[in-house]
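# Geometric and topological summary
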Amino acid sequence: GDLQDPAYFDFISFAQYAALSEAMAQGKLAFQELVGAEGAEVNMLRPPDVPEDNALLPAEHSKRVGDVLFQWAAERYDIAPERTVEGIESATKQVLETFRIQNYCGATDV
């Protein structure tokens, strides 16, 4: 597919999040992870800052993704938490207009 096509990009994003959601429902607290070129097995534990209850993982993932996106936007577009709602709204419109121009979406609304 063509990643520059917004519909295809949306489809791939949806498929990735569907797979991720299914995997989170079956998450383990302790697991083995393959690392390095030789695929050495390393015993891993779920970090203490990640909920133990798998049902809470999707919300935690959404929060972390949102935090990363907001931090990126805050640095790139000078959106700071101490700004007014109107200031954040205006800057958010600028970010979304950039996404629209780059064909990440067909239209936006704030």
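First, a word on scope: everything that follows refers to the structure included in this document.

Rules behind the numbers
- Residues numbered from 1 in each chain as written.
- Predicted model: local features only at pLDDT ≥ 70, side-chain atom pairs only at ≥ 80, totals over all residues.
- Heavy atoms only, no water.
- 1 Å grid on protein atoms, 1.4 Å probe; cavity = no way out; pocket = protein on both sides within 12 Å on 5 of 7 lines; lining within 4 Å.
- Points joined across faces, edges and corners; volume = space filled by probe spheres on them.
- Helix = DSSP H or I, 4+ residues; strand = E, 2+ residues; numbered from the N terminus.
- Nonpolar A, V, L, I, M, F, W, Y, C, P; charged D, E, K, R; others polar.
- Buried < 20%, exposed > 50% of the residue type's maximum accessible area, 1.4 Å probe, protein only.
- Pairing = 2+ DSSP bridges.
- Phe/Tyr/Trp six-rings, centres within 6.5 Å; stacked < 30°, edge-to-face > 60°.

Roughly 250 Å³ of volume is contained in the largest pocket. Along its surface, the largest pocket is lined by 13 residues, and Lys-28, Phe-31, Arg-46, Val-50 and Leu-57 are the ones closest to its centre. For the lining of the largest pocket, the elements supplying multiple residues, two or more each, are helix H1 (6-25) and strand S2 (40-45). At three residues, H1 tops the list of elements feeding residues into the lining of the largest pocket. Its residues assigned to classes, the lining of the largest pocket shows nine nonpolar, two polar and two charged.

It is worth spelling out the pairing of S2 at this point. Summarising burial for S2: zero of the six residues are buried, a small minority. Note that strand S1 (residues 30-35) and S2 share six bridges and pair antiparallel. Bridged to Ala-30 within S2 is Leu-45.

Scanning the entire structure with this criterion turns up four aromatic pairs. Relative to Phe-11, the ring of Tyr-8 has its centre 6.4 Å away and its plane inclined at 40°; by these criteria the two rings are tilted. Taken together, the residues Tyr-8 and Phe-11, both in helix H1 and three residues apart, mark about one turn of the helix. A ring pair is formed by Trp-72 and Phe-99, whose centres lie 6.4 Å apart and whose planes are at 15°; its orientation type is stacked. Pair noted here: Trp-72 is in helix H2 (residues 57-77) and Phe-99 is in helix H3 (residues 85-101), with a separation of 27 residues, a long-range link. In this structure an aromatic cluster arises from ring pairing among Phe-9, Trp-72, Phe-99 and Tyr-104.

On their own, these measurements won't tell you what the molecule is for.
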